[in-house]
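A structural walkthrough
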Amino acid sequence: RYYAQENPEIPPEGASAADRARAAGAVGVLDLQGIGMTAWVFCDEQGVAFKVARNMTPSNVEMLAREAEWLRVANAVPGVKMHVARFYRWRPDLGVIVRECVRQRSQETMPRRKNEGGLWDLHHAIGRAMLPFGFAAPELKADSYVFTRDRGYVIVDAGFALKTGSRLAREIAKKHRDP
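Treat the numbers as computed from the prediction; the structure is a model and nothing was measured. (Residues numbered from 1 in each chain as written. Predicted model: local features only at pLDDT ≥ 70, side-chain atom pairs only at ≥ 80, totals over all residues. Heavy atoms only, no water.)

**Focus on the packing of aromatic side chains**
- On inspection of all chains with the given rule, the structure shows three aromatic pairs.
- A centroid spacing of 6.2 Å and a plane angle of 5° characterise the contact between Trp40 and Phe42, whose relative ring orientation is stacked.
- Given the relative accessible area of 1%, Trp40 is considered buried.
- Exposure remark for Phe42: the relative accessible area of 0% places this residue in the buried category. (Phe/Tyr/Trp six-rings, centres within 6.5 Å; stacked < 30°, edge-to-face > 60°. Buried < 20%, exposed > 50% of the residue type's maximum accessible area, 1.4 Å probe, protein only.)

Now the structure itself:
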């Protein structure tokens, strides 16, 4: 558990990330779920997760914005939404994705490799289902999914989901249109 300045094992960057999670609505004691290349992830006492940008560089915030957009869209796609953490909101001003905190079942129930137990097939099925909505599947890492009792595998890290098709074309036109 993470307590503001009371945990000397968390570097100062962690305190800043926790403060931004609180500014985005985190309540009570925060459990540190993980630290990745782009973000810290905390869960609060109400079962809400806060993926907080490690830094507010434009590229890092843009990467999290893309992940938030993927989560928002995936939460409405039949056959996909049950396998995706529920998306609540994106706070670009704070660099925070607010989503459902999905807790891991015991480690004994988890496959040892990401291509065991149908996870690989599920991930590719999600990727195929997302293509008509302008997204590829996110990066598949060992900790991208957690296994739950009622929903099976649930994506909790949708980082590096690439835009495709008309969604990508609109973004390129918007960013690179020559006036």
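**Things to note about the confidence of the model for the chain**
- For the chain, the mean per-residue pLDDT works out to 87, and 85% of the residues sit at or above 70.
- Segment residues 1–7 is flagged for pLDDT under 50; beyond a separation of four residues in sequence, or across chains, it makes 14 contacts in the model. (pLDDT = per-residue confidence, 0-100. Contact = heavy atoms within 4.5 Å.)

**Description of the pattern of salt bridges**
- With the rule as written, the count across this model stands at 14 salt bridges.
- Where Arg151 meets Glu100, a salt bridge forms, and the shortest distance between an N and an O atom there is 2.7 Å. Of the two residues, Arg151 is situated in the loop between strand S6 (145–148) and strand S7 (152–155) and Glu100 in strand S5 (residues 96–100); the sequence distance between them amounts to 51 residues. Take Arg151 and Glu100: they sit in the same class, and that class is buried.
- A salt bridge links Lys141 to Glu139, with the nearest nitrogen and oxygen atoms 4.0 Å apart.
- The class for Lys141 is partly exposed, based on a relative accessible area of 26%.
- The exposure class of Glu139 is partly exposed, given its relative accessible area of 33%.
- Through salt bridges that share partners, Glu62, Arg66, Glu69, Lys163, Arg167, Glu171 and Lys175 make up one connected network. (Salt bridge = Lys/Arg side-chain N within 4 Å of Asp/Glu carboxyl O. Helix = DSSP H or I, 4+ residues; strand = E, 2+ residues; numbered from the N terminus.)

**Quick look at the nonpolar core**
- In terms of nonpolar packing, the biggest core is built from 24 residues, with Trp70, Leu71, Val80, Ile126, Met130 and Tyr145 touching the most fellow members.
- Within the residue set of this core, elements represented by two or more residues are helix H2 (58–74), helix H3 (119–130) and S7.
- Top element by residues in this core is H2. It accounts for six residues.
- Core analysis: the second largest hydrophobic core is formed by 14 residues, Ala24, Leu30, Phe42 and Val48 among them. (Core = buried A, V, L, I, M, F, W, Y, C linked by side-chain atoms within 4.5 Å.)

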